[in-house]
Amino acid sequence: MSGDTSPQRLTPAQRAGRYAALAALIVGGFFPFIWMVLTSLKSEGELQKFPVQYLPSKLDFSNYARVFSEQPFAQFFLNSMTVSLLSTVLCIAAAVPAAYALARLNLRGRGLLMTAVVTFSMLPVVSLLVPMFRLMRGANLLNTYPALILPYAALSLPIGILTLVAFFSAIPRDLEAAAMVDGTTRVGALTRVVLPLSTPGVVTAALLVFVNSWNEFLLALSFNTKLSMRTVSVGVTLYQGEFAFPWPLIAAAVVVATVPLVLLIAIFQRRFVAGLTAGGVKA
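Residues numbered from 1 in each chain as written. Predicted model: local features only at pLDDT ≥ 70, side-chain atom pairs only at ≥ 80, totals over all residues. Heavy atoms only, no water.

Asker: I tried to follow the packing of helix α5 (residues 110-121) against helix α7 (residues 146-170) on my own but got confused; where do I start?
Answerer: When two helices pack together, their arrangement is given by the angle between the helix axes and by the axis-to-axis distance. Packing of α5 against α7 brings their axes to within 8 Å, and their N-to-C directions diverge by 130 degrees. For the element pair α5 / α7, the angle class is oblique. The handedness of the crossing between α5 and α7 comes out as left-handed. Residues Arg110, Met114, Val117, Val118, Phe120 and Ser121 of α5 touch α7, and the partners they reach there are Ala154, Leu155, Pro158, Ile161, Leu162 and Val165. (Axes fitted to C-alpha atoms, helices over the stretch in contact; angles between N-to-C directions. Helix = DSSP H or I, 4+ residues; strand = E, 2+ residues; numbered from the N terminus. Parallel < 35°, antiparallel > 145°, perpendicular 65-115°, else oblique. Left-handed = near helix turned anticlockwise from the far one by under 90°. Contact = heavy atoms within 4.5 Å.)

Asker: It is not clear to me how helix α1 (residues 12-40) should be interpreted in this structure. Could you clarify?
Answerer: The periodicity of an α-helix, 3.6 residues per turn, causes residues three or four places apart in sequence to face the same way. Its 29 residues place the ends of α1 40 Å apart at the C-alpha level, agreeing with the 42 Å of an ideal helix rising 1.5 Å per residue. Largest kink in α1: about 45 degrees, centred on phenylalanine 31, with the proline proline 32 one to four residues after it. Every buried residue belonging to α1 is among Leu38, Thr39 and Ser40, and all of these are buried. (Expected span 1.5 Å × (residues − 1). Bend = angle between axes of the 7 residues up to and from the residue. Buried < 20%, exposed > 50% of the residue type's maximum accessible area, 1.4 Å probe, protein only.)

Asker: I'm lost on the nonpolar core in this one. Help?
Answerer: Within soluble globular proteins, side chains that are nonpolar generally end up buried alongside one another. Counting 18 residues, the largest nonpolar core has Tyr64, Val67, Phe73, Val232, Tyr239 and Ala253 as the members making the most contacts within it. Counting only elements with at least two residues in this core, the list comes to α3 (62-70), α4 (73-104), α10 (199-215) and α13 (247-267). Sort the elements by how many residues they give to this core and α13 lands first, with eight residues. Ignoring anything within four residues of it in the chain, the contact list for tyrosine 64 reads Val37, Ser40, Leu41, Ala252, Val255 and Val256. Among the nonpolar cores identified, the runner-up in size contains 17 residues, and Leu102, Ile161, Ile171 and Leu190 belong to it. (Core = buried A, V, L, I, M, F, W, Y, C linked by side-chain atoms within 4.5 Å.)

Spatial relationships are all this shows, so hold off on functional conclusions.
Put into structure tokens, the structure is as follows:
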């Protein structure tokens, strides 16, 4: 008994509804960033006009020049890039073996360990601020890169572990068993079989860790107080005065700080989407 498996054609109304939903999703997702870009190209006078002037009368890039002239924003950018990259590498390096052990080894108390990982991922950062600050001060790490790299890697570790456990669990065990029959060790099976098949998951975990590290504010504000050690998330707040909020200048700083994240998502879009969707499907 065979059925009609041809795709069902959409009516004009259904097609219009889908296009409308897609347009609403695009506008809702990108409008804040587009509005920020438009604001960065306006002058203070244009921003204060009423009724609202949505488009700038002319493209004025002077705010972007002021971003780098009024504050050492290039140094802030370098600090954020260094901290985010190193914390991502450190976190993924620790998350891979931990996730593999939880996904593959018959560990006692595995359920308890997974519960602990999930619980730690839900702890608010502010509750850990004081003990971490005392730890960094006791280790003489304040106003250094490790003062942020180590906490960022530790706080993002549950995200990396949970993401990778889903991917490692979806890979058939027979592939590793065949590799180990040929003489490969457990570590060799991880590096030669599991990791190549889990590339979307590793990319997804790395992007999540990088974005969390790049956007983090509280620890960066508390641990690195020297101007030369500030990150972009804190540096953006330095443009406002006690009684003045130069929104076009602040918007330009936010756009510059957002560019790396936009580029990363654009470059790794396919692997990131595959990682978000495939990790929950067990093979």
